[in-house]
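Next come the chains, spelled out residue by residue.
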Amino acid sequence: VSQSRYGVSGFLRKNFCISTPNTDLPKRIWIYRGPNVSRRIRLNDQIKRALDKSEITIIRLEEMSFLKQVKLFQHSELAVGPHGAGFSGILFSNESKVLEFFHEKYANACYYSLSQLNPNYYYYHISKQPYTFNELSLIDSELENVLRDL
């Protein structure tokens with residue numbers, strides 16, 4: 001067993017990354033957390049328009065097999081969304097941009113750390129909009145401004 005920080009990461013990438021080109025999956029994704037989980041962002045029409053404008057596809061990871069998720073992240077250029085387990089797929093990304101949303105009352109650097117195991121570019125945005133533990137508010141102009149800077 002390797003003692004390097006890439007030990008587990010390298011093992012997982014070696015055993016699960018698919019060496020075929022990605023022709024059927026989007027390269028710019030929004031990791032959707034669903035309506036019944038904590039730390040979600042409601043995807044109203046304005047947010048959806050901002051995502052469309054940036055050519056970002058809404059993805060429901062729970063509807064995909066593990067290997068399809070690996071392939072999705074392996075070939076992604078950009079992964080965006082509220083903090084949550086869906087970002088664990090960045091372990092398989094390579095030189096992707098990662099944009100994670102937090103509220104000012106809750107931030108967690110675990111996916112920053114994970115993104116550094118591979119050469120990814122990690123960004124975060126802290127929203128000061130009204131917040132409950134179940135829902136992070138984000139206004140469309142705020143999202144458009146952050147996406148424009150990527």
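Residues numbered from 1 in each chain as written. Predicted model: local features only at pLDDT ≥ 70, side-chain atom pairs only at ≥ 80, totals over all residues. Heavy atoms only, no water.

1. Comments concerning helix H2 (residues 45–53)
Threshold: Each residue gets one of three labels from its accessible area relative to the maximum for its type: buried under 20%, exposed over 50%, partly exposed in between, using a 1.4 Å probe on protein chains only. Where helices and strands are cited, they refer to DSSP runs of H or I of at least four residues and of E of at least two residues respectively, numbered from the N terminus. Arc definition: it is the arc formed by the directions from the helix axis to the C-beta atoms.
Restricting attention to buried positions, one finds in H2 the residues Ile-47, Ala-50 and Leu-51. Seen end-on, H2 carries its buried residues on one side only, within an arc spanning 100°. Away from the buried face of H2 by more than 90 degrees, exposed residues Asp-45, Arg-49, Asp-52 and Lys-53 are located. Two residues or fewer past H2, Glu-55 is found with a positive phi of approximately 55°.

2. Things to note about the pattern of salt bridges
Under the convention used in this document: One side-chain nitrogen of Lys or Arg within 4 Å of one carboxyl oxygen of Asp or Glu is enough to make a salt bridge.
Considering all chains together, one arrives at four salt bridges under this definition. A salt bridge links Lys-53 to Glu-144, with the nearest nitrogen and oxygen atoms 4.0 Å apart. Of the two residues, Lys-53 is situated in helix H2 and Glu-144 in helix H5 (residues 140–148); the sequence distance between them amounts to 91 residues. Classification of Glu-144 by relative accessible area gives partly exposed; the value is 27%. The closest approach of N and O atoms between Arg-60 and Glu-63, which form a salt bridge, is 3.2 Å. On the accessibility criterion, Arg-60 (32% relative accessible area) is partly exposed. Residue Glu-63 is classed as exposed on the basis of its relative accessible area of 61%. Counted as one network, the salt bridges with shared partners bring together Arg-60, Glu-62 and Glu-63.

Geometric values such as these leave the question of function open.
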